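The lines below spell out each chain.
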Amino acid sequence: MAKKTIDQVDVAGKTVIMRVDFNVPLDDAQAITDDRRIRMALPSIKSVIDRGGKLILMSHLGRPKGEPSDVEKFSLAPAATRLGELLGKPVAFASDTVGEDAVAKAAALTDADVLVLENLRFNSGEKKGDAEFAAKLAAMADVYCNDAFGTCHRKDASMVAVPEAMDGKPRVVGHLVAKEIEYLSDAIGNPQRPFVAILGGAK
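Draft legend 1. Examining the overall build of the chain more closely. When helices and strands are counted, the chain shows eight helices and six strands. Secondary structure of the chain in N-to-C order comes out as β-α-β-α-α-β-α-β-α-α-β-α-β-α. Taken against the 2.2 N^0.38 rule, which gives 17 Å for 203 residues, the C-alpha radius of gyration of the chain at 17 Å falls within 12% of a compact globule. Counting the 203 residues in the chain, one finds 46% classified as buried. A separation of at least 24 residues holds for 74% of the contacts in the chain among residues at least 6 apart in sequence. Total accessible area computed for the chain in this model is approximately 10900 Å², and 52% of it derives from carbon and sulfur atoms. Mean positive and mean negative side-chain charge positions of the chain (27 and 29 charges, respectively) differ by 5 Å.

Draft legend 2. Just the nonpolar core, in detail. Ranked by internal contacts, the top residues of the largest apolar core, which has 31 residues, are Phe22, Ile45, Leu55, Leu57 and Leu83. Counting only elements with at least two residues in this core, the list comes to β1 (15-19), α1 (36-49), β2 (54-58), α3 (77-87), β4 (114-116) and β5 (143-146). The element contributing the most residues to this core is α1, with six residues. With sequence-adjacent residues up to four places away left out, Leu57 is seen in contact with Met18, Val20, Phe22, Ile45, Leu83, Val114, Leu115, Val116 and Leu117. Membership of the second largest hydrophobic core comes to 22 residues, among which are Ile17, Leu115, Leu117 and Ala161.

Draft legend 3. Seen up close, α3. Among the residues making up α3, those that are buried are Pro78, Ala79, Ala80, Leu83, Gly84, Leu86 and Leu87. On its buried face, α3 is in contact with α1, β2, β3 (92-93) and β4.

Draft legend 4. Here's a closer look at the sheet that holds β4. Within the open sheet, the six strands sit side by side as β3-β4-β2-β1-β5-β6. Their pairing is parallel. The sheet is open, and its two edges are formed by β3 and β6 (171-173), each paired on a single side.

Draft legend 5. Seen up close, the packing of helix α6 (residues 131-138) against helix α7 (residues 157-165). The N-to-C vectors of α6 and α7 enclose an angle of 65°; their axes lie 8 Å apart at closest approach. Our classification of the angle between α6 and α7 gives roughly perpendicular. In the packing of α6 onto α7, the handedness of the crossing is right-handed. Listed contacts from α7 to Phe133, Ala134, Ala135, Leu137 and Ala138 of α6 are Ala157, Ala161, Val162 and Ala165. The residue makeup of the contact of α6 with α7, split by class, is nine nonpolar, no polar and no charged.

Draft legend 6. Up close: the pairing of β1. With five of its five residues buried, β1 lies for the most part within the structure. Because side chains alternate across β1, one face comprises the buried residues Thr15, Ile17 and Arg19, and the other comprises Val16 and Met18, equally buried. As paired elements, β1 and β2 share five bridges and run parallel to each other. Across the sheet, Ile17 pairs through a bridge with Ile56, a residue of β2. Since β1 and β2 lie parallel, the crossover through α1 that links them has a hand, and here it is right-handed. In terms of strand pairing, β1 meets β5 through four bridges, oriented parallel. When the bridges of β5 are listed, Arg19 appears paired with Asn146.

Draft legend 7. Main features of the environment of His153. Take His153: it is sitting in the loop between β5 and α7. Considered as a pair, His153 and Ala80 are 73 residues apart in the sequence and their alpha carbons are 25 Å apart.

Definitions and limits used
Residues numbered from 1 in each chain as written. Predicted model: local features only at pLDDT ≥ 70, side-chain atom pairs only at ≥ 80, totals over all residues. Heavy atoms only, no water. Helix = DSSP H or I, 4+ residues; strand = E, 2+ residues; numbered from the N terminus. Rg over C-alpha atoms; globule rule 2.2 N^0.38 Å. Buried < 20%, exposed > 50% of the residue type's maximum accessible area, 1.4 Å probe, protein only. Contact = heavy atoms within 4.5 Å. Areas by Shrake-Rupley, 256 points an atom, 1.4 Å probe, with all protein chains shown as cover. Lys, Arg positive; Asp, Glu negative; His and termini not counted. Charge placed at Lys NZ, Arg CZ, Asp CG, Glu CD. Core = buried A, V, L, I, M, F, W, Y, C linked by side-chain atoms within 4.5 Å. Pairing = 2+ DSSP bridges. Axes fitted to C-alpha atoms, helices over the stretch in contact; angles between N-to-C directions. Parallel < 35°, antiparallel > 145°, perpendicular 65-115°, else oblique. Left-handed = near helix turned anticlockwise from the far one by under 90°. Nonpolar A, V, L, I, M, F, W, Y, C, P; charged D, E, K, R; others polar. Right-handed = clockwise from strand over helix to strand, strands pointing away.

Here you go:
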């Protein structure tokens, strides 16, 4: 079940679009109350920028319903700010996903720059797995990386249609996904007995 990882591809001077899980909890003042998901993505992020790659990060946050208040309640702007603090460098933020702001800021990236796109779920194409939406995301990058293990089961555009649209380009996993694959492969392929599997989740 081995997959090629972000560390195994040349990213120098190239643009990597990485699906991360920045679905962090926010309080009423839009302050992050737990930044662990951002911290857990740092090894994959640093793998790109430390080797001179340009990085575009995409994620969902919450369950926006298309209401005017969603932009304030579910924006990824606080996550971009926190990531910049953790990296000790400026992190750009696009006010949309595939619109003029995102395209312009993606094109302006230089080596080791980081751009966070606005919440993927603000675009209806994300949950629908829309190929046109995915193609616009894919067009921004040379390499696709999935480091969002918690959403690997979804058919969202960023998880399925974007890598499909990047056929012929490197499509790899990040450190988090690689670690989970290794752990699950060992647990299933060579379990220490007695062996108990416990599955849980809100759904």
